[in-house]
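Spelled out from the first residue to the last, the chains are:
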Amino acid sequence: MANSLAPSPSIGLRSVPLTIWRAIALPLLLLVAWQLWAMGLPADTRAPSPAKVLAGFVRLTLAGDLPLALIQSIGRVVAGFLIALVLGLSLGLAMGRIRWVRDGLEPIVESFRPIAPMAILPIAILFLGTGTPAALSIVAYAAFFPLLLNVMHGVSRVDPKLVLAARTMGVPPLRTFTHVILPAAMPSVLLGSRLAMGSAWTAIIAAELAVGAKAGGGTSGGIGQMMFVFYAYSIDLNGIVVCMIVVGVVALLIDRAFRGAERILVRGREAT
Amino acid sequence: MGLSGFDHHDRAGSGALDAAAALRRQAPQRLRAALGSRPVAAVRSFVVVLGVWWGLSLWNANPIQLPAPPAVFAALANVASDGELLENAMISTGRLALSLVIAVAMAVPLGFWMGMSRRAHAYIDPVVEMLRPISGIAWIPLALFIFGVGDTLPVFIMTYVAFFPLLLNTIAGVRGVSRRLVQAAETMGVSRAAIVRRVIMPAALPSIVVGFRLAFAGAWAAIVAAELIGAPSGLGFAIEWYRQLLMTPKIFAYIMAIGFVGYVCDQLLQGLQRRLTPWTDRSRG
């Protein structure tokens, strides 16, 4: 911004290719440098290179390993998220609307919030073993707090006049809830969902990775587990990089999907 | 859940009467006021949690899965008195501090550059946006290869996690500086370095501090994962160590310690935020 005195390099039609060129210049340069660096190494090196990563991606996709692991991880995230959504919505509504519930539960919520999901994992393993239920509980725990706090915040900020107006007009409580409170709290619910889904996706990778690392591996599946197998057994760094890129792309898609939903569902309300 | 309950308490809270509220008013006013105050409510909640926990542990009757509260507090006193807890907590917070310092040293100058130069932003931002969705956790296997199990791995992971919120908030802060301020300073012949230091820096500071708190929160969540998998010491390692030994009371003790240290650090940062940028609304962070 302060650099406003610098002349803009081009105007008109040429500016569009230029922005695209600028956007891909540095990533392209880094990729080429990485490839050249890898080509300079001895032929039997384990170091990853862009070409080998691409080949690995094609191989893992065609073999069905990658899609399967991805489906498993995403399935766990969705299931864990839904558990958190049910708990977060109901508790968040209660805490947002009822004083004594909020006063009673807030200290407990606040004392659990700084405990990272991964710290709960050893306990989850003790109770549930190293399979899907333990992973699910970690995901649900990670997704619960952003949901709860945002729902509570959204609900407690609903204009009391709206609720009173609805009651004055004889609207039954359930209808007040579905037609007044929920729509008004919707932006917060969606924001909480997006943040929750982001933490859930991070948590599932961590949980699968740690279960693989500490429980001997091979039992729980998922993309985090796949990364651990590449690390500990087949020593396939290209496979690890493939998984990292896939994890990033999924995170991006989740984020974009929720942002899109926010735009569509909230835009109509902002305009009025 | 009783939806009418919402209405009832909403109204009771705003002073209106109904049958249930009238009934409860028969309890002595002062006692009710005392029981309803927030610290008392907090104590009451913790007593309930402890009671439920104790009950569940008796019902579960498996001290390896769910130890009773006294066993956990004994374990907490045990690890606290022989210095082991303090040592692990110091190791973890030391790593945290180191990685936050590295992240600030890298992200804040880069953020100033990207915030002030459109061209730098256009070139560098795509790389940032490519790396950002890859969570720090996903770097752990590759980092294990590069750095091995040790001090470097958690510091690397936490620096990576802390880098992005700091960078993005610095860019946003620098970009949010009013152009008129900068132009006024330019008109008066203030040097470029002085503009950065005296005009842009103070104006961007609130946003940077918010970025720092987000960076801390992310790094604190990542440290447990990083230490659990790839470090020979620290709070995260201790949890996993005692899980393998099936010494559950000590796992619980360390989980409490993680929560406590995280809470204290967050409070310290909030204090820092108030001191550094007292003019901003602290609820923003």
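Everything numeric here is computed off the predicted structure, so don't read it as measured data.

1. Focus on the overall build of chain B
Helix and strand content of chain B: 13 helices and 0 strands. Secondary structure elements in chain B, listed N-terminal to C-terminal, are α-α-α-α-α-α-α-α-α-α-α-α-α. For chain B, the residues scored as buried account for 45% of the 285 residues in total. Contacts in chain B between residues far apart in sequence, at least 24 positions, make up 69% of those at least 6 positions apart. For chain B, the computed accessible surface area is about 14300 Å², with 68% contributed by carbon and sulfur atoms.

2. Observations concerning the side chain of threonine 176 of chain A
Residue and element names in this part refer to chain A. On the secondary structure map, threonine 176 appears in helix H8 (residues 173–214). Here threonine 176 falls in the buried class, since its relative accessible area comes to 7%. When sequence neighbours within four positions are dropped, the list of residues in contact with threonine 176 reads Val163, Ala166, Val171 and Ile181.

3. Observations concerning unusual backbone geometry
Residues and elements named next belong to chain B. The phi dihedral of leucine 246 falls on the positive side, at around 55°, and the residue is not glycine. Along the chain, leucine 246 falls in the loop between helix H12 (235–244) and helix H13 (248–276). We classify leucine 246 as partly exposed; its relative accessible area is 43%.

4. Examining the confidence of the model for chain B
Confidence along chain B averages 81 in pLDDT terms, with 84% of residues attaining 70 or more. Segment residues 1–23 of chain B: pLDDT under 50, and 26 contacts once partners within four positions in sequence are set aside and those in other chains are kept.

5. Quick word on the environment of proline 50 of chain A
Residue and element names in this part refer to chain A. For proline 50, the position within the fold is in helix H2 (residues 50–63). Linking proline 50 and asparagine 238, residues 188 residues apart in sequence, is a C-alpha distance of 8.5 Å. Aside from chain neighbours lying at most four places away, what touches proline 50 is Leu31, Trp34 and Gln35.

6. Let's talk about a nonpolar patch on the surface
There is a patch of nonpolar side chains on the surface, built from Ile20, Trp21, Ile24, Leu28, Val32, Leu36 and Met39 of chain A and spanning about 710 Å² of accessible area. Tracing the backbone shows isoleucine 24 of chain A in helix H1 (residues 15–39).

7. With respect to the nonpolar core
One finds Trp201 and Ile223 of chain A together with Ile157 of chain B to be the most contacted residues of the largest nonpolar core, which totals 133 residues. In terms of residue count, the dominant contributor to this core is helix H11 (residues 192–230) of chain B (16 residues). Each residue touching isoleucine 223 of chain A, except ones within four places of it in the same chain, is listed here: Leu66, Ala69, Leu70, Ser73, Trp201, Ile205, Glu208, Cys243, Val246 and Val247 of chain A. Ranked by size, the runner-up nonpolar core spans 11 residues in total, among them Val151, Val158, Ala166 and Phe177 of chain A.

8. Quick look at the interface of chain A and chain B
Each partner contributes to the interface: chain A provides 57 residues, whereas chain B provides 65 residues. Summing both partners gives a buried area of about 5800 Å² for chain A against chain B, and 73% of it is carried by carbon and sulfur. The tally of links from chain A across to chain B stands at 0 salt bridges. Our count for the contact surface shared by chain A and chain B stands at 2 residue pairs in polar contact (both at pLDDT 80 or more). Breaking the side of chain A that touches chain B down by element, the ones donating at least two residues are H1, helix H3 (65–97), helix H4 (99–112), helix H5 (117–128), H8, helix H9 (222–232) and helix H10 (237–271) of chain A. Counting residues per element, the side of chain A that touches chain B draws most heavily on H8 of chain A, at 10 residues.

9. Some thoughts on the pattern of salt bridges
Two side chains that carry opposite charge are able to pair once their charged atoms sit near each other. All chains considered together, the criterion is met by 14 salt bridges over all chains. Across the salt bridge formed by glutamate 110 of chain A and arginine 113 of chain A, the nearest N and O atoms sit 3.2 Å from each other. Taking the relative accessible area as the measure of exposure, arginine 113 of chain A reaches 39% and is therefore partly exposed. A salt bridge links arginine 95 of chain B to aspartate 151 of chain B, with the nearest nitrogen and oxygen atoms 2.7 Å apart. Taken as a pair, arginine 95 of chain B in helix H6 (residues 84–116) and aspartate 151 of chain B in the loop between helix H8 (140–147) and helix H9 (152–175) lie far apart in primary sequence, 56 residues in all. Through salt bridges with shared partners, one network takes in Arg194, Asp255, Arg256, Arg259 and Glu262 of chain A.

10. Regarding the packing of H8 of chain B against H9 of chain B
Residue and element names in this part refer to chain B. Put simply, H8 and H9 touch, their axes get as near as 9 Å, and they point 135° apart. By the angle class used here, H8 and H9 are oblique. When you trace H8 past H9, the crossing you get is right-handed. Across the interface between the two elements, Ile140, Ala143, Leu144 and Phe147 from H8 touch Thr152, Leu153, Phe156 and Ile157 from H9.

Rules of the game
- Counting restarts for each chain: residues are numbered from 1 in the order of the written sequence.
- Chains carry letters from A onward and ligands carry numbers from 1 onward, assigned in written order.
- In keeping with the model being predicted, local features are shown solely for residues with a pLDDT of at least 70 and side-chain atom pairs are shown and tallied solely at 80 or more, while totals for entire chains, interfaces and linings include all residues.
- Based on all heavy atoms of the structure, the side-chain values leave hydrogens and waters out of the count.
- A run of H or I in DSSP counts as a helix once it spans at least four residues, and a run of E counts as a strand once it spans at least two, with each numbered from the N terminus.
- The cut-offs for exposure are 20% and 50% of the maximum accessible area for each residue type, with area from a 1.4 Å probe on protein chains only; residues under the lower value are buried, those over the upper are exposed, and the others partly exposed.
- Any two residues whose heavy atoms approach within 4.5 Å at even a single point are treated as in contact.
- Shrake-Rupley sampling with a 1.4 Å probe provides the accessible areas, and residues are treated as covered by the protein chains on show and by no other component.
- Confidence of the prediction at every residue is given by pLDDT, a number between 0 and 100.
- The patches described consist of residues with a relative accessible area above 30% and no salt bridge, like charges being joined within 9 Å and nonpolar side chains (Val, Leu, Ile, Met, Phe, Trp, Tyr) within 5 Å.
- A carboxyl oxygen of Asp or Glu within 4 Å of a side-chain nitrogen of Lys or Arg is what we treat as a salt bridge.
- As used here, the term nonpolar core means buried Ala, Val, Leu, Ile, Met, Phe, Trp, Tyr and Cys residues forming a set that is joined through side-chain atoms within 4.5 Å.
- Defined in terms of a 1.4 Å probe, buried area is the accessible area two parts forfeit on being brought together, summed over both.
- Polar contact is defined as a pair of N or O atoms within 3.5 Å, subject to the rule that within protein one atom must be able to donate a hydrogen and the other to accept it, and that residues adjacent in sequence are counted only when both atoms are side-chain atoms.
- Axes here mean lines fitted to C-alpha atoms, for a helix over just the part in contact, with angles spanning 0 to 180 degrees between N-to-C directions.
- What sets the label is the angle itself: under 35 degrees gives roughly parallel, over 145 gives roughly antiparallel, 65 to 115 gives roughly perpendicular, and the rest give oblique.
- For any helix crossing, the convention is left-handed if the near helix is rotated counterclockwise from the far helix by under a right angle, and right-handed if that rotation is clockwise.

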